[in-house]
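# Summary of the model geometry
What follows is each chain in one-letter form.
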Amino acid sequence: MSLDQEFDNEEDGGKEMSFIGHLEELRWHVIRAAGSILVFAILSFIYIKEIYHYVIIAPAKPDFWTYRMLCKLADKVGYDELCIKALNFKLQAIGVGDQFTMSMTSSVIAGLVFAFPYAFWEVWRFIKPGLRPAERKSASGAVFYVTFLFFSGVFFGYFVVTPLAMNFLANYTLDESIINEFSLASYISLVATLTLACGIAFQLPIVVFVLSKVGVLTPAFMREYRKHSMIVILIVAAVITPSPDIYSQILVAIPLFLLFEVSILVSAKVEREKLREEQRLAKLGNTEL
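About the cut-offs
- Residues numbered from 1 in each chain as written.
- Predicted model: local features only at pLDDT ≥ 70, side-chain atom pairs only at ≥ 80, totals over all residues.
- Heavy atoms only, no water.
- UniProt positions renumbered as here; feature names shortened; annotations may be inferred.
- Axes fitted to C-alpha atoms, helices over the stretch in contact; angles between N-to-C directions.
- Helix = DSSP H or I, 4+ residues; strand = E, 2+ residues; numbered from the N terminus.
- Parallel < 35°, antiparallel > 145°, perpendicular 65-115°, else oblique.
- Contact = heavy atoms within 4.5 Å.
- Nonpolar A, V, L, I, M, F, W, Y, C, P; charged D, E, K, R; others polar.
- Salt bridge = Lys/Arg side-chain N within 4 Å of Asp/Glu carboxyl O.
- Buried < 20%, exposed > 50% of the residue type's maximum accessible area, 1.4 Å probe, protein only.
- Core = buried A, V, L, I, M, F, W, Y, C linked by side-chain atoms within 4.5 Å.

Looking at an unreviewed UniProt entry, one finds the protein named Sec-independent protein translocase protein TatC, with Dyadobacter flavalbus as its source organism. As stated in UniProt under Function (unreviewed entry), the record for the protein gives "Part of the twin-arginine translocation (Tat) system that transports large folded proteins containing a characteristic twin-arginine motif in their signal peptide across membranes." Check the Sequence similarities (unreviewed entry) section of the UniProt entry for the protein; it says "Belongs to the TatC family."

Right, here's the structure in full:
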């Protein structure tokens with residue numbers, strides 16, 4: 001019996017599912033989510049050469065889309081240093097099995113990204129029946145919003161953060177005699193970490209929604225500390241883009257500012273819904289009296 005059926009039975013006066021039953025249900029949701037990741041990982045491994053050429057290695061080439069757009073922006077603002085024309089490094093596979101190992105690792109990462117919508121949907125199917133009708137109504141569209149924010153973060157990390165970080169690290173030298181020859185493993189680790197980290201960071205509105213629901217955050221609190229958050233965002237942007245170039249930091253900071261503002265709107269919406277619910281319950285109480 002699924003949790004959806006069990007929830008309906010509970011509303012109709014049926015018996016509550018046992019703890020072991022819930023664990024069994026969770027186990028099958030996790031198995032299906034993991035299975036979807038495995039399927040996409042296998043598909044990614046089949047096309048791993050194309051994925052490497054057009055996706056993974058692309059930010060290591062000067063003709064990458066982001067670098068071309070930065071050069072166009074440099075022409076418009078008259079700031080030539082913004083244009084990235086060369087990346088001073090070479091990639092190398094040091095270990096005997098590095099290329100094969102990295103192809104396996106990259107396939108798993110790609111499988112995780114591609115399978116994320118379905119995997120999260122499986123998790124949501126387990127959580128949703130345990131919510132109250134009002135909570136389920138307010139959380140409608142959760143799969144869509146979480147997926148949209150995740151992929152927005154992934155694209156931001158891949159097309160903005162990764163190229164800027166790569167440019168700085170590739171062109172930073174202690175001495176001209178030192179040649180940058182990065183290992184394939186360290187390169188993939190950097191790309192995957194920055195990309196997935198941005199995907200997770202873009203879940204801020206969802207986190208704010210949950211915290212606002214439980215009463216930990218309020219829009220008034222977030223507005224009060226807006227200036228402080230701007231300082232934190234600028235620091236984060238400076239850390240993500242270690243380049244002293246102010247334009248690069250602004251490119252990273254603007255989406256983070258927008259995310260914070262969206263989070264304030266989300267918190268305000270939750271507060272309005274709480275107020276309406278309290279007013280409804282108060283009216284209902286007065287009617288009964």
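## Some details on the packing of helix α5 (residues 98–127) against helix α8 (residues 184–201)
Look at α5 against α8: their axes get within 10 Å of each other, and the N-to-C directions meet at 10°. Classified by the angle their axes make, α5 and α8 are roughly parallel. Taken together, the residues of α8 that come into contact with α5 (itself represented by Asp 98, Gln 99, Met 102, Ser 106, Ile 109 and Val 113) are Leu 184, Ala 185, Ile 188, Ala 192 and Leu 196. Taken together, the residues of the contact of α5 with α8 break down into eight nonpolar, two polar and one charged.

## Regarding the pattern of salt bridges
Per the stated rule, a full pass over the model turns up six salt bridges. Between Arg 226 and Glu 261 there is a salt bridge, with its nearest N and O atoms 2.8 Å apart. Note that Arg 226 is positioned in helix α11 (residues 226–240) and Glu 261 in helix α12 (residues 246–288), a separation of 35 residues in sequence. Residue Arg 226 is classed as partly exposed on the basis of its relative accessible area, which comes to 25%. Overall, the relative accessible area of 30% leaves Glu 261 in the partly exposed class. Taken together, the shared-partner salt bridges connect Arg 32, Glu 122 and Arg 125 into one network.

## Some thoughts on the nonpolar core
Core analysis: the largest hydrophobic core is formed by 44 residues, its most contacted members being Tyr 52, Ile 56, Tyr 187, Ile 188 and Val 252. Sorting the residues of this core by element identifies α3 (48–56), α4 (65–77), α7 (142–171), α8, α11 and α12 as the ones contributing at least two each. It is α7 that contributes the most residues to this core, eight residues altogether. If near-sequence neighbours (up to four positions away) are discounted, Ile 56 is found in contact with Ile 51, Ser 106, Tyr 158, Tyr 187 and Ile 188. Listed in part, the five residues of the second largest apolar core include Val 113, Phe 116, Phe 150 and Val 154.

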